[in-house]
Amino acid sequence: MAIEYLLLVSRQGKVRLAKWFNAYTHTQKEKLIRDVTSLVLSSKKGSCSFIDYKDSTITHRRYASLHIIVSSSPSDNPLLTLEILHRYIESLDQYFGDVCELDIIFGIEAAYAILDELLMAGELQETEKERVVKTVKRMDRKVRDENDAELERHLRESGYI
Amino acid sequence: MFEKGLYELIRGIRANKGNERNYVLESLKECRQEAKSQDLNIKATAILKLIYLDMFGHDMSWASFHALEVMSSSQFRQKRVGYLAAVQSFRLDTDVLMLTTNLIKKDLYSPSVPEMSLAINGLSHIVSPSLAQDLAPDLVSKLTHSSPIVRKKAIPVLYKCFLQSPELLRTCWPRLRECLNDEDSSVVSATVNIVCELARRNPKNYLPLAPQLFKLLTDGGNNWMTIKLIKLFATLTPLEPRLVKKLVPPITNLIQTTPAMSLLYECISGLIQGGLLAGIQDTEEGEELASVCVTKLRGFLVEGDSNLKYVGLIALAKLVNTHAHLVCQHHDVVLNCIDDDDISIRYRALELVVGMVNPDTLSTIVGKLMRQLKPANRDYVELEPTGSEDEDDMQEEVMHPKKARGAMIPLELPEDYKHIVICKVLEMCSRDMYANVTDFEWYLDVLCQLVRFAPAVQVEGTAPEDAEEAEEELEELIKKRDVGEAIGKELQNVAIRVKSVRPEAVRCAEMFIVGRDGVFPAAGGGGKRVLGDSGWIVGEYASLLTNPTLTFDSLIAPSSNTLPSDILSIYLQSITKIYASLTSSFSIPWTSERKTYVTLLTDRVLRFLAPLTISPNLEVQERAVEFQELFRLCTEAILAQPPSNTTEIYDPPLILTQAVPSLFLGQELNPVAPRAQRKVPLPPGLDLDEPINPNLPSLIVAADYNPSLTTDDDEDKEDAKFREYYYTKPATTSIPKNQPASHGIDSAAARSSTAQTPLSYQNVAEDSYLDADIIARRKKERQERHKDDPFYIFAPGGGEEITDADLEAIPVMELNLEDVPHAVPQEVRKPVRERVVVVMDEGIDGDDGLDEEEEEKGKDKKGKGKKKGGLLGVDASGLVGYSLEGGEEKKNDYEEEKEARKEVERLRKEMEAAAEKVREREEMEKAAAKKTKKVKKTVEGEGKKKKKEKKKEGETEGEAGEKKKKKKKVKKEGEVEGDGAEKKKKKKVKKEKTVEEDTQAATTVAE
């Protein structure tokens, strides 16, 4: 099993995104978030990105005000996990353009969509971030088209056009 | 009313600083209303808001039906929200899950690729066994879809389906396999990913793919896939050793050329994990490759990047099992990692050094570790910066962060880490029966020091429902967690096994017992459990105590009552032992002073025992009552024996000089292998149910009248044999000693200064980790030893004064080494290591008593422990040993069946023979009351009665290693015989079968 869950957490410990590849109960999720976040936030500067937590390895990295946290099995290649989470941030950066925490807060749906394109069932499914962004943009276009159509319908119904 | 969207919700939360909770609750209420709305737009917005709030801990599982409604919308934007909600909140027990089947099926055939990928992706999260079975065929059809995006997505989902219902693997595999030839590289990569996962469960099935995979490896795709391929091969090579030769060249090539650290690491790790290095270990090529790997890993450690350090240590730790000599060459860098600021790195380094220790490095490594435990050693580290939560901060671009400094805090070692350090120190020293320890006095000092460093036992909140029960549980928990227990066991081990330092070990134990209140503060501080074994040592070796009276006083101090009950019961035993050694002396004349002294002593023991006779702990109570009786007898005897005076000489009472000591004296206790007892042969003619002497009461009565009654009259041959076994001491298996261990100190000191250790002498100086008093004692001992050695210069008043002197004031002459052209090269002699006698476990016929059966069980357990949880709480063990082809297994089955048949045949014969015996016996003995018992004992349930037959079955099953298959066969045998008893057995077998081997069951069903 590759990746068990992925969290984006602010420096203050607020969850910005939580993706679960295993089925956890609500209480399990809360406990994991609490434990793992406090572990990660108390990490020292310059310390390595890996922390052992129970039976899994937590890989984390700080990007400005955001911590990205990934849990995987200890048998996995830790450096690879690190590259996967970097790839995700890169994809976000490419999609939003100089992404910052606020972009992710308000663009949560897109952030999930990008993650879904990148990872599937906890495995990396697409290594090209351009292709990831392209696919998500195509979905956005579809949404926009639908919105436009809806607006047009409303206007038509109301007799404006 | 105008509904707010997600954007307004977030803005609102941020605007209501300090009052967020109320605002969120208000919004949740609105969402509840909106989710019921007829308008799908409003419903979708509500669901989206709920997803957002779910992240902050507001469970949204109640809205699963509404999420389902949104999922079924015809609009993509709403469908996307619906699927997101499902992915985030559905679980296997979500009841609407069964309603999703048709919906997902419909979406899977949607003409639009984005919609299709939504469905596929959603399915990957929520797939349940029934969904897997219903939708797998549709997913398989997607493997040939025109869009590569769909193809590559269908593959991981299929894997998820296999996890849910393993039999799908057999039907889907042929189509899946073709994807390895796909023209799109990401599809191939996805296939490799899941083959890698599947192969981890059952590598055998994927061996035929080896040529194809090998081609992929040499073609050199992207690094991501190469990593997975290497991982995959690492699982295949153990099954197919011929692959090793083929794989070594390309992997060596990768190691030497790749710039990607992750790939480099994977190659090395794959070489180790796949047993490639071990496979070619003896060849020159293998040695060379291993040394290349180790050199690269050294590079990881010295690079300065903590992540590389971490993985480097992991890889080295795996390698050290097979190539310890190579890893040891780099122990300088590894030792630096032990003191790293980063706890994660320390843990890894700790794991590694345990494998690296040898007699030369042990004291350095242990010294370093112990220095960490010393509270005075504080390093400061910088924390990651924490910013304030303002807009500015959140707009910081994640890829281009600003510079910020974190707070400096002292590096606080977690208690758990200290605990592990102590355990590892003990493990390193005691490994292979103390093969690495050359100086046991040093080891004893280390043990004493470790007790002082022992971290407090942390007990996570236990429910205080039943106070008494909770207390007991707490005690159990502390027993498990406290390192004192482990340290005590070591102390005991040394005291028993290493005779040359036994007096020192006893002294340590004595120190703990006497200085209990000083060493172990009442609150906090762990290590208290060391008192148990210390108590045992001072009792068993009471004659070696330096101050038995003081020890005795500490043992019977009223505060001992508060000790944990298991330690207390050890104390009780020790008290009597020391009492025996204090009072048993023949040579001390039985004067009136002596009489008073002994009376007093006995009286004090009795006073100590009195409250314990009503102890709630049975063990303590029993011992206290027994000893109380004994001491009462002593008191009577003492009072009855008049003291010697000038005219008449009286001996001390016999009960003190003979009876009490004889309870404890006898042969020395030697270490015995844990399972040796089981192998002790039953003396012939021993019937455990036979009373030893049928007319015992009359004998006792007779003995009262006839004190000269002796028992040793006739000794036949068998008896002699028996005697020899039980009473003659076997030769110890240890290496003969040349010199006592106490002489080891100099060699150890000399060793630590030789060039072998890269660290300076100061670095490992004992004073850096041993406490002052321990060092002072060592120093004094050393001086004592070298008293007459003219090469030693002593300070006139003993060692302590020197430390007080003003070191600055001592004039120092500058030494210019260049002026001395050719200083006489000092002969650095490698000190000859002395062997200290370590008594090995005693077993029978040189056997360590480890049963194969036991080992087998251990293996079984290991295998079971490996189970991993899969998606939606279903574990992936279904795929373990799951064969793709049904045929293979049948062949194996046939072989095993034949064997099992034979086995059953043999057992039946045995049973018949046994039944025969029983019948004979029954005829002979008509005493009905005793009969059942006897039959049971002598034939061990081999009787013909159904009940017992059942029992016997259980036993034989336990004995046989390969459980599963045999039972199956037994079942068949039962059918053939059609015997009533057999049928009963069959039932049981069936039950066990279902419990134990679901995998097997799954296969049989599929067949």
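Residues numbered from 1 in each chain as written. Chains lettered and ligands numbered in written order. Predicted model: local features only at pLDDT ≥ 70, side-chain atom pairs only at ≥ 80, totals over all residues. Heavy atoms only, no water.

### Quick word on the overall build of chain A
Looking only at helices and strands, one finds 5 helices and 7 strands in chain A. Of the regular secondary structure in chain A, the N- to C-terminal order runs β-β-α-β-β-β-α-α-α-β-β-α. When the backbone C-alpha atoms are referred to their principal axes, chain A occupies close to 65 × 30 × 30 Å. Here chain A, with 161 residues, has 64% of them falling under the buried criterion. (Helix = DSSP H or I, 4+ residues; strand = E, 2+ residues; numbered from the N terminus. Buried < 20%, exposed > 50% of the residue type's maximum accessible area, 1.4 Å probe, protein only.)

### Some words on the overall build of chain B
Scanning chain B from N- to C-terminus turns up 48 helices and 2 strands. Counting across all 1007 residues of chain B, residues that qualify as buried make up 46%. Of the contacts formed within chain B by residues at least 6 apart in sequence, a portion of 73% connects residues at least 24 apart. (Contact = heavy atoms within 4.5 Å.)

### So, the UniProt feature "domain: AP complex mu/sigma subunit" (unreviewed entry) in chain A
In the numbering used here, UniProt assigns the feature "domain: AP complex mu/sigma subunit" (unreviewed entry) to residues 3-141 of chain A. Here residues 3-141 of chain A is 47% helix and 27% strand, with 30 Å between the C-alpha atoms at its ends. (UniProt positions renumbered as here; feature names shortened; annotations may be inferred.)

### Section: the side chain of Asp445(B)
Residue and element names in this part refer to chain B. Within the secondary structure, Asp445 is located in helix H25 (residues 440-453). Among the polar contacts listed, one links the side chain of Asp445 to the side chain of Arg777, at a separation of 2.7 Å. The residues contacting Asp445, other than those within four sequence positions of it, are Leu770, Ile774, Arg777 and Arg778. (Polar contact = N/O pair within 3.5 Å; in protein donor to acceptor, adjacent residues only side chain to side chain.)

### Quick look at the pattern of salt bridges
The tally for this structure, following the rule as stated, stands at 45 salt bridges over all chains. When the shortest N-O distance is used, the salt bridge between Glu30(B) and Lys4(B) registers 2.9 Å. Here Glu30(B) is found in helix H2 (residues 20-35), whereas its partner Lys4(B) is found in the segment before helix H1 (6-15), with 26 residues between them in sequence. Residue classification places Glu30(B) among the partly exposed positions, given a relative accessible area of 22%. The partner of Asp339(B) in a salt bridge is Arg371(B), with the nearest N and O atoms 3.9 Å apart. In this pair, Asp339(B) is assigned in the loop between helix H20 (331-338) and helix H21 (343-356) and Arg371(B) in helix H22 (residues 362-373), connecting sequence segments 32 residues apart. Classification of Asp339(B) by relative accessible area gives partly exposed; the value is 22%. Through salt bridges with shared partners, a single network forms among Glu146(A), Glu150(A), Arg153(A), Glu157(A) and Arg77(B). (Salt bridge = Lys/Arg side-chain N within 4 Å of Asp/Glu carboxyl O.)

### Description of the sheet that holds strand S1 (residues 3-10) of chain A
All names here are of chain A. The 5 strands lie next to each other as S2-S1-S5-S4-S3, forming an open sheet whose pairing is antiparallel. Looking along the sheet, the strands with just one partner apiece sit at the ends: strand S2 (15-20) and strand S3 (50-53). Along the sheet, successive strands turn relative to each other by an average axial angle of 20 degrees, direction set aside. Its contacts with the sheet place helix H4 (residues 108-118) against S1 and S2, and it is angled at close to 35 degrees to S2. (Pairing = 2+ DSSP bridges. Axes fitted to C-alpha atoms, helices over the stretch in contact; angles between N-to-C directions.)

### Some details on unusual backbone geometry
Backbone geometry at Ala64(A) places phi at a positive 50 degrees, although glycine is not the residue there. Topologically, Ala64(A) is positioned in the loop between strand S4 (56-63) and strand S5 (66-72). A positive phi angle, near 50 degrees, is found at Asp432(B), a position not held by glycine. The residue Asp432(B) is located in helix H24 (residues 415-434) in this model.

### Brief notes about a nonpolar patch on the surface
Residue and element names in this part refer to chain A. Together, Leu151, Leu155, Tyr160 and Ile161 make up an exposed nonpolar region whose accessible area comes to about 450 Å². Looking at where Tyr160 falls in the secondary structure, it is placed in the segment after helix H5 (129-157). In this structure Tyr160 comes out as exposed when scored by relative accessible area, which is 66%. (Patch = residues over 30% accessible without salt bridge, like charges linked within 9 Å, V, L, I, M, F, W, Y side chains within 5 Å. Areas by Shrake-Rupley, 256 points an atom, 1.4 Å probe, with all protein chains shown as cover.)

### What about the environment of Tyr650(B)?
All names here are of chain B. Assignment of secondary structure puts Tyr650 in the loop between helix H34 (618-640) and helix H35 (654-664). Beyond its immediate sequence surroundings of up to four residues, Tyr650 is in contact with Trp590, Gln641, Pro642, Pro643 and Ser644. At 3.3 Å, the side chain of Tyr650 and the side chain of Glu648 are in polar contact.

### A closer look at the pairing of S5(A)
All names here are of chain A. With 7 of 7 residues buried, S5 lies mostly within the body of the structure. Side chains Leu66, Ile68, Val70 and Ser72 project from S5 onto one buried face, and the interleaved His67, Ile69 and Ser71 project onto a second face that is buried too. Alignment of S1 against S5, held across 7 bridges, turns out to be antiparallel. Paired with Tyr5 across the strands is Ser71, a residue of S5.

### Brief notes about the interface of chain A and chain B
Each partner contributes to the interface: chain A provides 81 residues, whereas chain B provides 90 residues. For the pairing of chain A and chain B, the buried interface totals around 7900 Å² over both sides, and the portion due to carbon and sulfur atoms is 55%. Between Arg77(B) and Glu146(A) there is a salt bridge, with the nearest N and O atoms lying 3.6 Å from each other. A per-element tally of the side of chain A that touches chain B places helix H2 (residues 78-96) of chain A first, with 11 residues. Of the residues in the side of chain A that touches chain B, the class split is 34 nonpolar, 19 polar and 28 charged. (Buried area = accessible area lost by both parts, 1.4 Å probe. Nonpolar A, V, L, I, M, F, W, Y, C, P; charged D, E, K, R; others polar.)

### Observations regarding a positive patch on the surface
Residues and elements named next belong to chain A. Taken together, the side chains of Lys134, Arg138, Arg141 and Arg144 present a region of like positive charge at the surface. One can find Arg144 in helix H5. What makes Arg144 partly exposed here is its relative accessible area of 48%. (Lys, Arg positive; Asp, Glu negative; His and termini not counted. Charge placed at Lys NZ, Arg CZ, Asp CG, Glu CD.)

### Points about the packing of aromatic side chains
Residues and elements named next belong to chain B. Under the counting rule described, the total for this entry stands at 14 aromatic pairs over all chains. Taking the centre distance of 4.7 Å and the plane angle of 90 degrees together, the rings of Tyr579 and Phe631 count as edge-to-face. One end of the pair, Tyr579, is in helix H32 (residues 565-583); the other, Phe631, is in helix H34, and 52 residues separate them in sequence. Of the residues examined, Tyr579 reaches a relative accessible area of 0% and is grouped as buried. Among the residues examined, Phe631 registers a relative accessible area of 1% and is labelled buried. (Phe/Tyr/Trp six-rings, centres within 6.5 Å; stacked < 30°, edge-to-face > 60°.)

### Topic: the packing of helix H17 (residues 284-302) of chain B against helix H18 (residues 306-319) of chain B
All names here are of chain B. Viewed as axis vectors pointing N to C, H17 and H18 meet at an angle of 145 degrees, and their least axial separation amounts to 7 Å. Crossing of H17 against H18: the hand is left-handed. Contacts between H17 and H18 pair Val294, Leu297, Phe300 and Leu301 from the former with Leu308, Lys309, Val311, Gly312, Leu313, Ala315, Leu316 and Leu319 from the latter. Looking at the contact of H17 with H18, its residues break down into 10 nonpolar, 1 polar and 1 charged. (Left-handed = near helix turned anticlockwise from the far one by under 90°.)

### Focus on the side chain of Glu510(B)
Residue and element names in this part refer to chain B. Mapped onto the fold, Glu510 is located in helix H28 (residues 502-514). Within the buried core, Glu510 has no salt-bridge partner, and the shortest N-O distance to an opposite charge, that of Arg507, equals 6.8 Å. Engagement of the side chain of Glu510 in a polar contact is seen with the backbone nitrogen of Asn547, the distance being 2.9 Å.

### Re the state of the cysteines
In total, this model carries 0 disulfides over all chains according to the counting rule given. Not part of a disulfide, Cys337(B) finds its nearest cysteine sulfur in Cys48(A), a span of 11 Å. Distance from the sulfur of Cys448(B), which forms no disulfide, to the nearest cysteine sulfur (Cys508(B)) is 3.1 Å. Of the residues examined, Cys448(B) reaches a relative accessible area of 0% and is grouped as buried. (Disulfide = S-S within 2.5 Å.)

### Examining helix H7 (residues 113-126) of chain B
With 14 residues, H7(B) ought to run about 20 Å at 1.5 Å a step, and its terminal C-alpha atoms sit 20 Å apart, in line with that. Taking the backbone nitrogen of Glu115(B) as reference, a side-chain oxygen 3.2 Å away marks Ser112(B) as the first, capping residue of H7(B). (Expected span 1.5 Å × (residues − 1).)

### Description of the environment of Ala278(B)
By secondary structure assignment, the location of Ala278(B) is in helix H16 (residues 276-279). With 12 residues separating them in the primary sequence, Ala278(B) and Ala290(B) have C-alpha atoms 9.2 Å apart.

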